[in-house]
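Here are the chains, one letter per residue:
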Amino acid sequence: MIYDAVIIGAGHNGLVTGAYLARAGMKVCIVEKNDWIGGAAVSRELYPGFTYSNCSYVSSLFRPEIMRDLELPKHGLQILPYEGGAVLTRDGGYLAMFRDHDANRREFARHSPRDAEAYDRYSRDILRHCRFIRPLLMRTPPDPSSFRPRDLSELAFLGRQMFDLSETRIYEMIRFWTMSISDYLDEYFENPVIKAYLAVSAIIGTALGPMSPGSAYVLLHHYMGDVDGNVGAWGFARGGMGSISRALGASFAAAGGEIRAGKGVERILVAGGQAKGVVLEGGDEVLGHRVISNMDVKRTFLKHVDEAQLPAGFVKKVRNFKTRGSSGKLNIALDAAPRFTALPDGAPMYRGDLHFTDSIERMERAYDDWKSGRFSRDPFQDVMIPTMIDPTMTPPGKHFMSCFVQYAPPRIAGAEWTDADRDAFGQTCINQIETYAPGFKDLILHMEVRTPRELEAEVGLTEGNIFQGELTFDQLLFNRPVPGYAQYRSPIKDLWMCGSSTHPGGGVMGAPGRNAAAEVLREARLGSDMSDAYAVL
Amino acid sequence: MKDHFHTPLRQTPFHPRTSALNRLNQWGAWAGYTTALAFDDEAMEYTAIRNGASLYDLCPMVKYRITGPDAAAYLNRLTIRNAAKLSVGGVHYTVWCDDAGKVLDDGTLFRHGAEDFMLCCQERHLPWLLDSATGYEVQVREVTEEVAALSLQGPCSAAVLQAAGFDMCNLRPFRMAKLGFEGVEITISRTGFTGDLGYEIWATPAQALPLWDALMRAGAPWGIRPIGTSALNLARIEAGFIITNMDFIPADQAVREDRARSPFELSLDWMIDWEKGHFTGRRALLAEKARGSSWALVGLDIEGNVSAEGSLIYHNRKTEVGHVTAAAWSPATKRNIALAQVRRPHHTGDTLWVEVYALRELQYHKLMLRAHVTERPFFAPARRRATPPGAF
Ligand SMILES: Cc1cc2nc3c(=O)[nH]c(=O)nc-3n(C[C@H](O)[C@H](O)[C@H](O)COP(=O)(O)OP(=O)(O)OC[C@H]3O[C@@H](n4cnc5c(N)ncnc54)[C@H](O)[C@@H]3O)c2cc1C
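Cut-offs used in this document
- Residues numbered from 1 in each chain as written.
- Chains lettered and ligands numbered in written order.
- Predicted model: local features only at pLDDT ≥ 70, side-chain atom pairs only at ≥ 80, totals over all residues.
- Heavy atoms only, no water.
- UniProt positions renumbered as here; feature names shortened; annotations may be inferred.
- Phe/Tyr/Trp six-rings, centres within 6.5 Å; stacked < 30°, edge-to-face > 60°.
- Helix = DSSP H or I, 4+ residues; strand = E, 2+ residues; numbered from the N terminus.
- Buried < 20%, exposed > 50% of the residue type's maximum accessible area, 1.4 Å probe, protein only.
- Pairing = 2+ DSSP bridges.
- Axes fitted to C-alpha atoms, helices over the stretch in contact; angles between N-to-C directions.
- Contact = heavy atoms within 4.5 Å.
- Buried area = accessible area lost by both parts, 1.4 Å probe.
- Salt bridge = Lys/Arg side-chain N within 4 Å of Asp/Glu carboxyl O.
- Polar contact = N/O pair within 3.5 Å; in protein donor to acceptor, adjacent residues only side chain to side chain.
- Nonpolar A, V, L, I, M, F, W, Y, C, P; charged D, E, K, R; others polar.

Naming follows an unreviewed UniProt entry, where chain B appears as Aminomethyl transferase family protein of Fertoeibacter niger.

In the nomenclature of an unreviewed UniProt entry, chain A is known as Pyridine nucleotide-disulfide oxidoreductase domain-containing protein 2 of Fertoeibacter niger. Under the Function (unreviewed entry) heading, UniProt states for chain A: "Probable oxidoreductase that may play a role as regulator of mitochondrial function." For chain A, the Subunit (unreviewed entry) comment in UniProt is given as "Interacts with COX5B; this interaction may contribute to localize PYROXD2 to the inner face of the inner mitochondrial membrane."

(A) A look at the packing of aromatic side chains. All names here are of chain A. Under the definition given, this model contains 35 aromatic pairs over all chains. Look at Trp177 and Tyr217: their rings are 5.3 Å apart centre to centre, the planes differ by 45°, and that puts the pair in the tilted class. Taken together, the positions of Trp177 in helix 7 (residues 167–178) and Tyr217 in helix 10 (residues 215–223) put the pair 40 residues apart, joining distant regions of the chain. Judged by its relative accessible area of 11%, Trp177 falls in the buried class. Of the residues examined, Tyr217 reaches a relative accessible area of 4% and is grouped as buried. Where Tyr367 meets Tyr407, the ring centres are 5.1 Å apart and the plane angle is 50°; that geometry is what we call tilted. Of this pair, Tyr367 sits in helix 14 (residues 360–371) while Tyr407 sits in the loop between strand 18 (399–406) and helix 15 (419–436), and the two are 40 residues apart along the sequence. Each of the two residues, Tyr367 as well as Tyr407, counts as buried.

(B) Highlighting the sheet that holds strand 6 (residues 103–113) of chain B. Residues and elements named next belong to chain B. The sheet built from five strands is open, its strands ordered 5-6-7-4-8 with antiparallel pairing. In this open sheet, the two strands that pair with only one neighbour each are strand 5 (91–97) and strand 8 (139–142). Each neighbouring strand pair of the sheet contributes to a mean axis angle of 30°, computed without reference to strand direction. Pairing of strand 4 (residues 62–67) with strand 8, which is carried by four bridges, proceeds in the antiparallel orientation. Of the residues in strand 8, the one forming a bridge with Thr67 is Gln139.

(C) Examining the interface of chain A and chain B more closely. With 31 residues of chain A at the interface, the matching set in chain B holds 26 residues. Both sides of the chain A and chain B interface together cover about 2400 Å² of buried area, and 54% of this is carbon and sulfur. Counting the surface chain A buries against chain B, the share from its top three residues, Arg106, Arg114 and Glu117 of chain A, is 33%. Counting every contact that joins chain A to chain B gives three salt bridges. Arg169 of chain A is paired through a salt bridge with Glu257 of chain B; the nearest N and O atoms lie 3.7 Å apart. Counting every contact that joins chain A to chain B gives 14 residue pairs in polar contact (both at pLDDT 80 or more). Elements with a contribution of two residues or more to the side of chain A that touches chain B: helix 3 (101–111), helix 4 (113–116) and helix 5 (119–137) of chain A. Residue composition of the side of chain A that touches chain B, grouped by class: 13 nonpolar, four polar and 14 charged.

Structure, rendered in structure tokens:
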């Protein structure tokens, strides 16, 4: 049996690609090394009765066009918006964010009357940047050095997007794409706690500190999604992030796709400069007219392709692709809801994201540890309790807490992480939470601690980089993953890429997978029911 | 203060009275406050404005106090009009712009003293006001919650004030007076948003309820009624007044760049004082003056009696050239009126049509109606300016 397409990896992007191809009539097989599907969009029951979001934990980027095209709601997908959040401050206070505009303004005004009235202009400016970037997400980046009609027309599209802007906007945009979030926020706000809250999105998953140039763009990457049209809003996938992958898997299966889970790809078969299929661990072969890799670009080409089959220049660029990990994750089963001393009982902030880093300075110090090859002694944590909203993940009254942690380096002072390092990292995080929620530790029933080492081992994310490659300007658009190969193709004929290493990058977004499918189908001259990006009015 | 998430909308100091009187229980959010949209009968509330006396809770209006030796110079830099020419005890309507000459907001400026102003507006601007203050000896403070304000409007409003013990007979339009109420100073200005005879009363939150009671009691013989925002909106359309975020988007909130408007484009350029020295936006506005503007804000008189809210406007029934921002059948003028943004040069000719979708028993009638550009205010009774005011 020769499939039309063999996809390596059942991450959400592999599933998206697979589903589109299968719906267009291709025979598709997805091979996945783990016993489960989803990659970093996964929910597993590690403690009886408790469903975790083991890696990713919130959804905003996932493109609604894809949800609709692939009929994901029919296959069980539900996204629940959540409410605001808070930074708990060291002096026992807090700054909350509310969805209600006026409640939010009054909350900001407690900290700075000036900043309270600055937020509207800030939101407007961020929204303007989002409106520029959103139309680019579901398009194949042009190759700026090519004269093919499609590249020229895509370049023209990009040019038009720019051309539509006023002179001032072009200046603003170029500054924004290259600035640090700290400098950017200084242009609007004065209060350190407000700035600390707003800076968070710029460091998530990023080996940059809030004072590093380029971090402002990362913020945009987290604001350009939406929940049902509410741009910048985030939500929970009901049943955990894994339910996104489950819905994708069901949609794929309904279109006739096959998944082989439990055995990883050992090697990609290449003959005559052309991909022919894969060899699995243990030697089984799965043959296909094309192979599409959902693994990151480094893993794909440095681990599973015979280097001799690749141009040396390409290999070098892939080696230099930055995938430095910066994040860890704690997944905690709780016997009851934790109580944070600073928060009023029943406060809506419990249903949002909770942070403890109350200044940009402190966030930058946490990054300093990363630079010295240590995990942060005073880490930044994005703590969420999805079970405050989602009734399906734990027994009633019990809770699942997800703690996303920065910074955790790929290696500890140049050496591999040890179990002892991992445990010390976990303790540091829960000790920090305990200071703000005394008694919290006693509620812990089970805890999964993940450092870049565990993320790489389980999901295959090289160096534990959660986005399959850093989201810095040098690695975006037609330079993602490497110059000359932004169109989901590789130097080997019929070997394609569809993971987050490709444009438009990481996050549970589905866009790389969808764009890759579009290219594959175009080349195969197959029609499909794929939607274009919704127009931005 | 930490528990405000329980009450995302605040109540004004008049809430105990307005809530007791709000029989329809129609409330709307305005600048973070719960405010009455209507109390018991919108048509009767509107009639009170034009026939007797009406009382409207103004508290949510955003207010800044601007004080200091450079206050007038500062305001001259900030706004397009000449604040130095405003005498103590005077009030004027004004506008301020960003560097590109696009309008950030409009508002009323009250000069309480040589170095003491209050600026009332619809939106919030503290960072802009503070940034503009660099280099001036001036203090800018947001004082919205420190002031309780009521608008008393209608042909009998002077008589009501008189009956309440406030003699305002000699107060001219756009002037204010300070007087005592229960031992504490209040300010009464002859200003308003109805285009009729009317006054605004500025007090402290502590005085709010006694003040309300005194006016309601004094006004009873003239049929005084509390009015909600719906009735006021009808009156302000007849008066031809615009509202930020309804008739135009403030430049600092416009996500779509092409939405921002200059004073020329809102037909507010009559306020610009080119001689007073530099003000923010001046260069851009000079250039626009030379180059010409893209938009105009006009009053329309539309054939028939179907109100044209939200309608698109066409040149010769074909080319889309604008949109209606506010519209109503005007009881006072018996005309079908609208405020509209129209692309120049179509704002002068007589080629405009509005496309109206009129909902009648769950079905839309699509109408193409002739619209004539017309003078604002649509309604301008002599009584609004008469000093001393007549008895009704
Ligand atoms: C801890 C963490 C938290 C995150 N939080 C969020 C969040 O809250 N919201 C958000 O939007 N994004 C978040 N992200 C990012 C997001 O989850 C990822 O960018 C995204 O899921 C990547 O999807 P993908 O399909 O491109 O690749 P992956 O999910 O990396 O999928 C690759 C797949 O390939 C498989 N594979 C690897 N090697 C082999 C092999 N040899 N043979 C067969 N299969 C193989 C893997 O098992 C995996 O299933 C987070 C990521 C992490 C790690």
